[in-house]
Amino acid sequence: MNSIFDIIGPIMIGPSSSHTAGAARLGKMARCIFGAMPKRVDMTLYGSFAKTYKGHGTDRALLGGLLGFREDDERIRNARVLAEEAQLDYTFIESPLDIGHPNVVKFDVYGDNDRYMSVVGRSLGGGQIMITEVDGHDMSITGDEFTLVVFHSDRPGAISLISQALSESDINIASMRVFRKEKYKDAVMVITTDSVVNPVTVQFMRECPGIQDVMTFEAL
Amino acid sequence: MSYTYETIGDILRLAEEHQISFGDVVIRHELEAYDRSEEEIVAEIKRRLAIFESSIQDGLNHIERTQSNMSGGDAATLHAGKPRLMSDIAYKAMTYAIAVNEANAKMFRIVACPTAGSCGVMPGAVQAVAEEYQLDADAMVKGFLASSGVGNVVANRACVAGAVGGCQAEIGTAACMAASAIVEMLGGTPYQVVQAIALGMKNLLGLACDPVAGLVEVPCVKRNGVYAVHAITAAELALAGIESQIPADDVIEAMNNIGRAMPAALRETSDGGLAVTPTGLAIAERVQSL
């Protein structure tokens, strides 16, 4: 049986767990993945997000998340003004395309020195979310647990290198999935762990042969 | 000792076996299953009860309309007036429940209970009863515990999402959660708690989810007020010793079966019911061009 706080909860800013709370979490996750305060974000909304985002405050929730607010932070209500104060440029684009899920958003995120990243995510209902794509790489990040995203070359041994580094730091892996575009091309490992992975271990992983980059995310 | 429960019947049996209340079973299970102390659980419940109250105040104090202009200010109108037909408790429950859903529609902080669309029923009903009977925080904690056990059973054995089971799954669950909380708070027996659940859910089966313009406003906001009163009715029946001929677990199963038999147009798609009336469609068009 679930915890009593799953049924009387979450604590959130209204009006909709999928269109508001989920949107705030998507924005926050996009900010975490970008790793810095963006200068400009173009958000393309699909499906029900595109049709009902104004009435559900989805726009303000996405911006609030990008500003680092949690889904229960009342500053979400004024997020459009606060985004301007934070010199965050933004646009919302309503896409007529049906891409197979009702609540999808694509973030095109721009930062200092022409840095660019694209992040695609969906709101699953009840405030739950999933990031499904980063810079064109398929992946799945829910933000519910500490998460490592490892970009690597698809070669034998990469997975054992990473799992060994984790086990040597006494970190228990909760789940692991590998995504790749083609055999022997770039691949992405998404690993959730029962505890926080320390920066020394992360740096060690980054320096391993075949590992291109490692990102870490705290639970949202 | 295991307090594991799957059904309302399980909770009733455990309560009677151990001669404890319905809500006591729920907290004993929570202690067994999760790594939290009783003090931590009670503190978290009180934190959520405090948000129930702040949502009521937000709804009463902010009388501006929503962006869609479909809701806002009705709770304040009721609060400034007096009941003509209803008891003070029912009137207050209705007012508070509408206040919470107005707050929700205007992006204030709420606790989903079990969903955001149905977040007013439980705070409205419970706060009204607590104020009128001058019950303390501990009594409200007991009510919270009983109702969360009820919600958990419905979520596990049926559904609480309008997109899956229609409004009966959202408001229906909220109403029988609130009814169970009231009976528990007023010292009813576990058997009476179970009757309140059955009577609450049984009398709103089939309720469709047909929100205008896809927003959580029409019919949601006022419906929370109406079903907070419904929860009080179910609790009143149960406390008077009235029994449901159909047991609570069977009623929950019926709700699930009805929900899944409902056409998609009546399950939160805004393709049926109120949403596609001439006025509903006109509002949707206006909202779309905002």
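Values in this document were obtained by computation on a predicted structure and should not be read as measured data.

Participant: Would you mind showing me how to read the environment of V193 of chain B here?
Facilitator: Residues and elements named next belong to chain B. Looking at where V193 falls in the secondary structure, it is placed in helix α10 (residues 190–202). You can call V193 buried: its relative accessible area is 0%. Along the primary structure V193 and A146 are separated by 47 residues, whereas in three dimensions their C-alpha atoms are 8.3 Å apart. Beyond its immediate sequence surroundings of up to four residues, V193 is in contact with F22, S180, V183 and E184.

Participant: It is not clear to me how the packing of aromatic side chains should be interpreted in this structure. Could you clarify?
Facilitator: Two numbers describe a pair of aromatic rings. These are the distance of the centres and the angle of the planes. Evaluated as defined, the whole model comprises five aromatic pairs over all chains. The structure contains a cluster of three or more aromatic residues connected by ring pairs, namely F5 of chain A together with F52 and F144 of chain B. Note that R40 of chain A overlies the ring of Y110 of chain A, its terminal NZ or CZ placed 4.4 Å from the centroid.

Participant: What should I look at first to understand helix α3 (residues 47–56) of chain A in this one?
Facilitator: An α-helical turn contains 3.6 residues, so a residue and the one three or four places further along point in the same direction. Taken together, the buried positions of α3 of chain A are F49, A50, T52, Y53, G55 and H56 of chain A. Where α3 of chain A ends, the next residue or the one after it, G57 of chain A, has phi of about 65°, a positive value.

Participant: Would you explain the state of the cysteines in this entry?
Facilitator: All names here are of chain B. All chains considered together, the criterion is met by zero disulfides over all chains. No disulfide involves C167; its nearest neighbouring cysteine sulfur is the one of C209, lying 6.0 Å away. Relative accessible area serves as the criterion here: at 9%, C167 is assigned to the buried category.

Participant: It is not clear to me how the sheet that holds strand β4 (residues 103–110) of chain A should be interpreted in this structure. Could you clarify?
Facilitator: Strands belonging to one sheet form pairs held by backbone hydrogen bonds; the direction of such a pair is parallel or antiparallel. All names here are of chain A. The sheet built from six strands is open, its strands ordered β3-β2-β4-β5-β6-β7 with mixed pairing. Either end of the sheet is taken by a strand with one partner, and the two such strands are β3 (89–94) and β7 (137–141). Averaged over all pairs of adjacent strands, the angle between strand axes in this sheet comes to 20°, irrespective of strand direction. Where β4 meets strand β5 (residues 116–125), seven bridges bridge the pair, whose relative direction is antiparallel. Bridge pairing in β5 places D108 opposite S118. Each of β4, β5, β6 (128–134) and β7 touches helix α2 (residues 17–34); the most contacted strand, β5, lies at about 150° to it.

Parameters and conventions
- Residues numbered from 1 in each chain as written.
- Chains lettered and ligands numbered in written order.
- Predicted model: local features only at pLDDT ≥ 70, side-chain atom pairs only at ≥ 80, totals over all residues.
- Heavy atoms only, no water.
- Helix = DSSP H or I, 4+ residues; strand = E, 2+ residues; numbered from the N terminus.
- Buried < 20%, exposed > 50% of the residue type's maximum accessible area, 1.4 Å probe, protein only.
- Contact = heavy atoms within 4.5 Å.
- Phe/Tyr/Trp six-rings, centres within 6.5 Å; stacked < 30°, edge-to-face > 60°.
- Lys NZ or Arg CZ within 6 Å of the ring centre and 35° of its normal.
- Disulfide = S-S within 2.5 Å.
- Pairing = 2+ DSSP bridges.
- Axes fitted to C-alpha atoms, helices over the stretch in contact; angles between N-to-C directions.

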